[in-house]
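# Inside the fold
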Amino acid sequence: TLRPFINTLQIKSLLEVLIYLVIFLIVMLPFMISLIAGRSEIRRSCENSLLYQTLLNKITSLNEPDLGKFLDACLEMIGEDLDLTRIYLYKYISSTQSLTVTSQWVPEDITPLSKLQTTEIFQYPIFNKWLTENIPVYIIDTKGISDLNTRSLFQNRRAHSLLVVPLVTHSGSRYLLCLETAALRKWPGSEINVMDSIAKVLVKSIDENDNKLRIEDLSYLKNRFVDIIGKELKGPLKAMQLNIDNLLSKKLGDLPELQEKVVKLLLESNEKISEKVSLMLMMLDFESGRIILNKEESSLFNITDQEYQQFVQLCQLKEQKPLFLHTENGNWNAFIDKEKIALAIRSILQNATDYSHKYGSIEVKLEVTDGNFIFSVQDQGIGIPVSEQDKIFTPFYRATNAIETKTEATGIGLYLAKNIIEAHGGKMGFSSELEKGSYFWFTLPRR
């Protein structure tokens, strides 16, 4: 088969064939090496793509944004492969032109950094691009850094090669994700691309963390506002009630019948406002951990029965049908704050009558078991939409159909009830079906 080819080349011996074969291999060797390296690089890119997806899944599975956990996950996934000695996340502070370390990973034998001044650390010519251009930067050898102090600092930290990935969040904050290695090495394009992708995940985590902090700040301002307004209102409301009492007691003279009715309406409105202010201040006490329970041995049955009698009067006004069932001959004594437990029961009963239909039945039940007291209320009201049930115990939250049924309400009654019960070591929950009614319950330990 080869004879025509050999004849064409005028090859006369096997030795000449071998010589031509060696020359051919020498000529083709670079192409073969390039092909093998290309396949290796492709395989490396695939591995890094899988690495990135694994890391992405791990980060997004965290319960809340945590930059420290992010860096731990980075190290766990790629640290050994890259021979990393440090991973730092620097935040750029424009007012002082400095980099502040917000998260870091370092070996146990190395002292972590707290704050790095840009004028002290980064004098590399491309530094300005790190903060202005959204492209990764890599330094193969830190010995090439012109500034002697900076070069010495990196060498003392065993950082011979760097990969720096700039991050810009949606809020405009600028960060640098800096990976340091102990060995002199090049950074393949696949690794840089993967780190760039990881940086985008990190930006999302930072944004979510910033949003969480912003919400916490707004929540703090809201609580401070309610606290200040509530305390400022208590004085005027108390003075108003005192003056109204003086008018009704006729210490200032007799009142005509019509004026007396108007003053009684003022007194009723004043009491409602005072009660709402007290409830909001109690809510803040629970949120800040300042709540105090004045416990004493009390009869849970007597507290429930007293609240139920007032509840019956409300039901009669709305032509609803209340029913009270309870365990006979039970020992109802418990060591509780009776005023706060009464408030919890009142809030649950109020919720039942507010959102029950006319002529609807409301069943109130009090039971005692070997270890617990069980209080429950079953109504035939409007129910709670499934999509909103997880927010029912959130302060100030009201379901959409509840707002349509009763426009005037604060939305903190059930929140307070749940916190009061849990402060006594009990549990509270509910089940509900739209347009069929709701079932609220709580348990209290007997001892």
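Residues numbered from 1 in each chain as written. Predicted model: local features only at pLDDT ≥ 70, side-chain atom pairs only at ≥ 80, totals over all residues. Heavy atoms only, no water.

Along a regular strand, successive side chains alternate from one face of the sheet to the other. Side chains Ile362, Val364, Leu366 and Val368 project from strand β10 (residues 361–368) onto a buried face, and the interleaved Ser361, Glu363, Lys365 and Glu367 project onto a face without burial. As paired strands, strand β8 (residues 321–326) and β10 are joined by 6 bridges and run parallel to one another. Bridge pairing in β10 places Pro322 opposite Ile362. Sheet topology note: the β10/strand β11 (residues 372–379) ladder contains 7 bridges and is antiparallel. (Buried < 20%, exposed > 50% of the residue type's maximum accessible area, 1.4 Å probe, protein only. Helix = DSSP H or I, 4+ residues; strand = E, 2+ residues; numbered from the N terminus. Pairing = 2+ DSSP bridges.)

With that settled, the discussion passes to helix α9 (residues 300–317). With 18 residues, α9 should cover 26 Å at 1.5 Å per step; its first-to-last C-alpha distance of 26 Å lies within 8% of that length. Among the residues making up α9, those that are buried are Leu300, Phe301, Ile303, Thr304, Glu307, Tyr308, Phe311, Val312 and Cys315. Positive backbone phi, approximately 55°, marks Glu319, located one or two places after α9. (Expected span 1.5 Å × (residues − 1).)

Moving on to helix α8 (residues 257–288). For α8, with 32 residues, the first-to-last C-alpha span of 47 Å sits near the 46 Å given by 1.5 Å per residue. Those residues of α8 that sit buried are Val263, Leu267, Asn270, Ser274, Val277, Leu279, Leu281, Met282, Met283, Leu284 and Phe286. Following α8 by one or two positions, Gly289 has its phi on the positive side, about 75°.

Turning our eyes to something else, we now look at the pairing of β11. Two successive antiparallel strands, β10 and β11, enclose a turn made up of 3 residues. One ladder, built from 7 bridges, connects β11 with strand β13 (residues 437–445); its direction is antiparallel. Directly across from Phe375, in β13, lies its bridge partner Phe442.

This brings us to the side chain of Lys340. One can find Lys340 in helix α10 (residues 338–354). When near neighbours in sequence (up to four residues on either side) are disregarded, Lys340 contacts Met282, Ile291, Ile292, Leu293 and Ile420. (Contact = heavy atoms within 4.5 Å.)

Moving on to the sheet that holds strand β12 (residues 427–433). Strand order across the open sheet formed by 5 strands is β8-β10-β11-β13-β12, with mixed pairing between neighbours. Each edge of the sheet is formed by a strand with only one pairing partner; in this case those strands are β8 and β12. With direction set aside, neighbouring strand axes in the sheet form an average angle of 10°. Across the face of the sheet, α10 comes into contact with β10, β11, β12 and β13 while running at roughly 20° to β11. The strands touched by helix α12 (residues 413–423) are β12 and β13; relative to β12, the strand with the most contacts, the crossing angle is about 140°. (Axes fitted to C-alpha atoms, helices over the stretch in contact; angles between N-to-C directions.)

α10 packs onto α9 with a crossing angle of 30° between their chain directions and a minimal axis gap of 10 Å. Judged on the interaxial angle alone, α10 and α9 are roughly parallel. As α9 packs across α10, the resulting crossing turns out to be right-handed. Contact with α9, carried on its side by Leu300, Ile303, Thr304, Glu307, Tyr308, Phe311, Leu314 and Cys315, involves Lys338, Ile341, Ala342, Ile345, Arg346, Leu349, Gln350 and Thr353 of α10 and no other residues of that element. (Parallel < 35°, antiparallel > 145°, perpendicular 65-115°, else oblique. Left-handed = near helix turned anticlockwise from the far one by under 90°.)

Under the definition given, this model contains 12 salt bridges. Residue Arg290 pairs with Asp285 through a salt bridge whose shortest N-O separation is 2.9 Å. For Asp337, the salt bridge is made with Lys340, and the minimal N-O distance between the two is 3.2 Å. Overall, Asp337 belongs to the buried group, its relative accessible area being 3%. The class for Lys340 is buried, based on a relative accessible area of 12%. Put simply, Lys318, Asp354 and Lys406 are held in one network by salt bridges that share partners. (Salt bridge = Lys/Arg side-chain N within 4 Å of Asp/Glu carboxyl O.)

So, on to the nonpolar core. Grouped together as the largest cluster of nonpolar side chains are 51 residues, with contacts concentrated most on Ile348, Phe375 and Phe440. By residue number, the principal contributor to this core is α10, which donates 8 residues. In this structure, Phe440 is in contact with Ile348, Asn351, Phe375, Ser376, Val377, Ile384, Ile392, Phe393, Leu414, Met428, Gly429 and Phe430, ignoring residues within four places of it in sequence. In terms of nonpolar packing, the next biggest core, distinct from the first, is built from 10 residues, Ile145, Leu162, Leu176 and Cys178 among them. (Core = buried A, V, L, I, M, F, W, Y, C linked by side-chain atoms within 4.5 Å.)

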